[in-house]
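Chain residues, written in single-letter form:
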Amino acid sequence: MLGKEEGEGYSQLDCQLNYGWGAWIGMLAMLLYLVEAQGGKASTINGLGGIGDICLTCYGSLSRNRSVGVRLGQGEQLQDILASSSQVAEGVATAAVVVLLARRFRVSLPVLTGIAQILEGNISCEQSPPDSEAVNEIMGLPQIQGEA
């Protein structure tokens, strides 16, 4: 998601201040909900293996997942991006699994669900925020835990 906006031409600062940080904080909160719903501890997410990994995935220049988002935002098709990469962007396959886990444990994950919908081609990221279908769909998804 963050890479998508940057790929559409928004500066890194614009992405961070407007969409990026909001999405990042939302994803972190959703991840905490999902961990706790499965009987885990929120402290599991704190530290390099949780927050550190998410931060690098969203903002690291070497992040394979972020690269996919940037290229999607530039208008490339997912299948072309994956075919041209020699490395695996694990978030592409993981997104749908996270949504299935959320449904199983009745946790609402609107940002992560939106990302999965973009990757599955169900919503478009062709327009620029705040008018993009992707942003509007994500913002319209249920925000209350347990409605997934």
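Above this text you will find the structure in question.
The notes below deal with the structure included here. What you are looking at is a predicted structure, and each value in this text was computed from that prediction instead of being measured. Numbering of residues starts from 1 in each chain and follows the order in which that chain's sequence is written. Whole-chain, interface and lining totals are the exception, using all residues; otherwise, since this is a predicted model, local features are given only for residues with pLDDT of at least 70 and side-chain atom pairs are given and counted only at 80 or more. Only heavy atoms go into the side-chain values, all of them from the structure, while hydrogens and water stay out.

## Re the overall build of the chain
Stage number 1. Only runs of H or I of at least four residues qualify as helices and only runs of E of at least two qualify as strands under DSSP, and these elements are numbered from the N terminus. A tally of regular secondary structure across the chain gives 8 helices and 0 strands.
Stage number 2. For the chain, the α and β elements follow one another from N to C terminus as α-α-α-α-α-α-α-α.
Stage number 3. In this scheme, a residue with accessible area under 20% of its type's maximum is buried, one over 50% is exposed, and one in between is partly exposed, where area comes from a 1.4 Å probe on protein chains only. Scored against the burial criterion, the 148 residues of the chain give a buried share of 39%.
Stage number 4. Here, residues are in contact when the closest pair of their heavy atoms is within 4.5 Å. Of the contacts formed within the chain by residues at least 6 apart in sequence, a portion of 63% connects residues at least 24 apart.

## Observations regarding the pattern of salt bridges
Stage number 1. Salt bridge criterion: a side-chain nitrogen from Lys or Arg within 4 Å of a carboxyl oxygen from Asp or Glu. Counted under the stated rule, the structure contains 2 salt bridges.
Stage number 2. A salt bridge links Glu 90 to Arg 64; its shortest N-O distance comes to 2.9 Å. Of this pair, Glu 90 sits in helix α6 (residues 90–104) while Arg 64 sits in helix α4 (residues 64–73); the two residues are 26 residues apart in sequence, bridging distant segments of the chain.
Stage number 3. For Glu 90, a relative accessible area of 38% gives the class partly exposed.
Stage number 4. Under the relative-accessibility criterion, Arg 64 is labelled partly exposed at 34%.

## What to know about the packing of α4 against α6
Stage number 1. One way to put it is that α4 packs onto α6 with a least axis distance of 8 Å and a crossing angle of 85 degrees. When the axis of α4 is compared with that of α6, the two are roughly perpendicular. Two secondary-structure elements touch here, α4 through Arg 64, Asn 65 and Val 68 and α6 through Glu 90, Gly 91 and Val 92.
Stage number 2. Looking at side-chain class alone, the contact of α4 with α6 contains 2 nonpolar, 2 polar and 2 charged residues. Angles shown run from 0 to 180 degrees and are taken between the N-to-C directions of axes, each axis being a line fitted to C-alpha atoms and, for helices, limited to the stretch in contact. Small angles under 35 degrees read as roughly parallel and large ones over 145 as roughly antiparallel, with 65 to 115 read as roughly perpendicular and the rest as oblique. In this count, Pro and Cys sit with the nonpolar residues alongside Ala, Val, Leu, Ile, Met, Phe, Trp and Tyr, while Asp, Glu, Lys and Arg are called charged and the others, Gly among them, polar.

## Some thoughts on the nonpolar core
Stage number 1. Counting 29 residues, the largest nonpolar core has Val 68, Leu 72, Leu 109 and Leu 119 as its most contacted members.
Stage number 2. Ranked by the residues each element gives to this core, the list is headed by helix α2 (residues 12–37), at 7 residues.
Stage number 3. Leu 109 has contacts with Met 30, Leu 34, Val 98 and Ala 102, leaving out every residue within four places of it along the chain. Among buried residues, those of type Ala, Val, Leu, Ile, Met, Phe, Trp, Tyr and Cys that are joined through side-chain atoms within 4.5 Å constitute a nonpolar core.

## Considerations on helix α7 (residues 110–119)
Stage number 1. Within α7, 9 of the 10 residues are buried, leaving the element largely enclosed by the surrounding structure.
Stage number 2. Restricting attention to buried positions, one finds in α7 the residues Pro 110, Val 111, Leu 112, Thr 113, Gly 114, Ile 115, Ala 116, Ile 118 and Leu 119.
Stage number 3. Gly 121 sits one or two residues past α7 and shows a positive phi near 80 degrees.

## Comments concerning the environment of Cys 58
Stage number 1. Structurally, Cys 58 is set in helix α3 (residues 48–59).
Stage number 2. Sequence separation of Cys 58 and Gly 69 is 11 residues, and the distance between their C-alpha atoms is 9.4 Å.

## A short note on the side chain of Asn 65
Stage number 1. By secondary structure assignment, the location of Asn 65 is in helix α4.
Stage number 2. Each polar contact in these results corresponds to two N or O atoms within 3.5 Å; when the atoms are within protein, one needs to be able to donate a hydrogen and the other to accept it, and residues that are neighboring in sequence are counted only if both atoms are side-chain atoms. A distance of 3.1 Å separates the side chain of Asn 65 from the side chain of Glu 90, its partner in a polar contact.
Stage number 3. Those residues in contact with Asn 65 that lie beyond four places of it in its chain are Thr 57, Ala 89, Glu 90, Gly 91 and Val 92.

## Description of the packing of α6 against α7
Stage number 1. Relative orientation of the contacting elements α6 and α7 amounts to 125 degrees, with a least axis distance of 9 Å. Compared by their axis directions, α6 and α7 come out oblique. For α6 against α7, the interelement crossing comes out left-handed. The residues of α7 that touch α6, namely those facing Gly 91, Val 92, Ala 95, Ala 96, Val 98 and Val 99, are Leu 112, Thr 113, Ala 116 and Leu 119.
Stage number 2. Of the residues assigned to the contact of α6 with α7, the class counts are 8 nonpolar, 2 polar and no charged. Here a crossing is taken to be left-handed if its near helix is turned anticlockwise relative to the far helix by less than a right angle, and right-handed if that turn runs clockwise.

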